[in-house]
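# Per-entry structural report
What follows is each chain in one-letter form.
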Amino acid sequence: MLITEYFFLIACDPRSGQLAWPRREQAADQLAAAALALDLAAAERLQWNDGCLHADAGFPLNNPLLTDAMRLLAAYDLTVNEALSALVRQMAPLPQRVLDALYRRDLVHRLESRDWLLRKRVRYPLRSMQARNEALQHLQSAAHQDDPHGLALLMLADMSGLLAAHLQARDHEAAMQRLLALNAVGADDPPARRVLAAIRATLLASRTRATRVALQTNSPACPYH
């Protein structure tokens, strides 16, 4: 199962069928784009060199969504921020596409409704508790293993604020140690680990900017002097 799919099974509320996480400044489409890029990195189809990402699209992958992302990123060398923005823009609505893929695999339901303005709303209540439990078990195991797939899932859970909600204290501490080690990644580290570190740094910077904007928007106006 993709990192993207594991993350969405954890992040989607089982009853309401809506994506929800504590850190609201992390937009769903940006995290979905980051998840696809992390999947490509774990599959060794994405590299980070000289500040840019480059995807290897020599042959298709066995997942249509991942293949689309790979071909999009293979067209140009982009910074991480540019790459995530391109995925968000050209694969929109990305979160819904991921959830629709889970629906086609009978892991979630798909319920459509209209609000009072006749705008369509789609919810994805959980259909397979086994699949969600598998995702949570993978998250817990990732705290104590050294593989890019698990590390990427830990990163997404941390960025969304879901890591502390689903891990016990001992597992959470181990997970944070693994994530903080990405701050010291260098040129001699494996390619996948370098991509993970670059994506994490970009998401952290984006979250900092969003938090700063929110504080400025909500702060009282300064008096004139």
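Whatever comes next refers back to the structure up there.
Residues numbered from 1 in each chain as written. Predicted model: local features only at pLDDT ≥ 70, side-chain atom pairs only at ≥ 80, totals over all residues. Heavy atoms only, no water.

The next point concerns the pattern of salt bridges. In the structure shown here, the tally under the stated rule is eight salt bridges. Residue Arg23 is joined to Asp158 by a salt bridge in which the shortest nitrogen-to-oxygen separation is 3.8 Å. Of this pair, Arg23 sits in the loop between helix 1 (3-11) and helix 2 (28-42) while Asp158 sits in helix 7 (residues 148-160), and the two are 135 residues apart along the sequence. Residue Arg23 is classed as partly exposed on the basis of its relative accessible area, which comes to 27%. (Salt bridge = Lys/Arg side-chain N within 4 Å of Asp/Glu carboxyl O. Helix = DSSP H or I, 4+ residues; strand = E, 2+ residues; numbered from the N terminus. Buried < 20%, exposed > 50% of the residue type's maximum accessible area, 1.4 Å probe, protein only.)

This brings us to unusual backbone geometry. Cis geometry is found at the peptide bond from Ala92 to Pro93, where omega equals -5°. On the secondary structure map, Pro93 appears in the loop between helix 4 (80-90) and helix 5 (94-104). For Glu44, which is not glycine, the phi dihedral falls at a positive 60°. Here Glu44 shows up in the loop between helix 2 and strand 1 (46-49). The backbone phi angle of Asp106 is positive, close to 65°, even though this residue is not glycine. Looking at where Asp106 falls in the secondary structure, it is placed in the loop between helix 5 and strand 3 (111-114). In this structure Asp106 comes out as partly exposed when scored by relative accessible area, which is 48%.

Glancing now at the packing of aromatic side chains. Following the criterion strictly, the structure yields two aromatic pairs and no others. Arranged with centres 5.8 Å apart and planes meeting at 85°, the rings of Phe7 and Phe8 form a pair that is edge-to-face. Summarising the burial analysis for this pair, Phe7 and Phe8 share the class buried. With a centroid separation of 5.7 Å and an interplanar angle of 35°, the aromatic rings of Phe7 and Trp21 are classed as tilted. Of this pair, Phe7 sits in helix 1 while Trp21 sits in the loop between helix 1 and helix 2, and the two are 14 residues apart along the sequence. (Phe/Tyr/Trp six-rings, centres within 6.5 Å; stacked < 30°, edge-to-face > 60°.)

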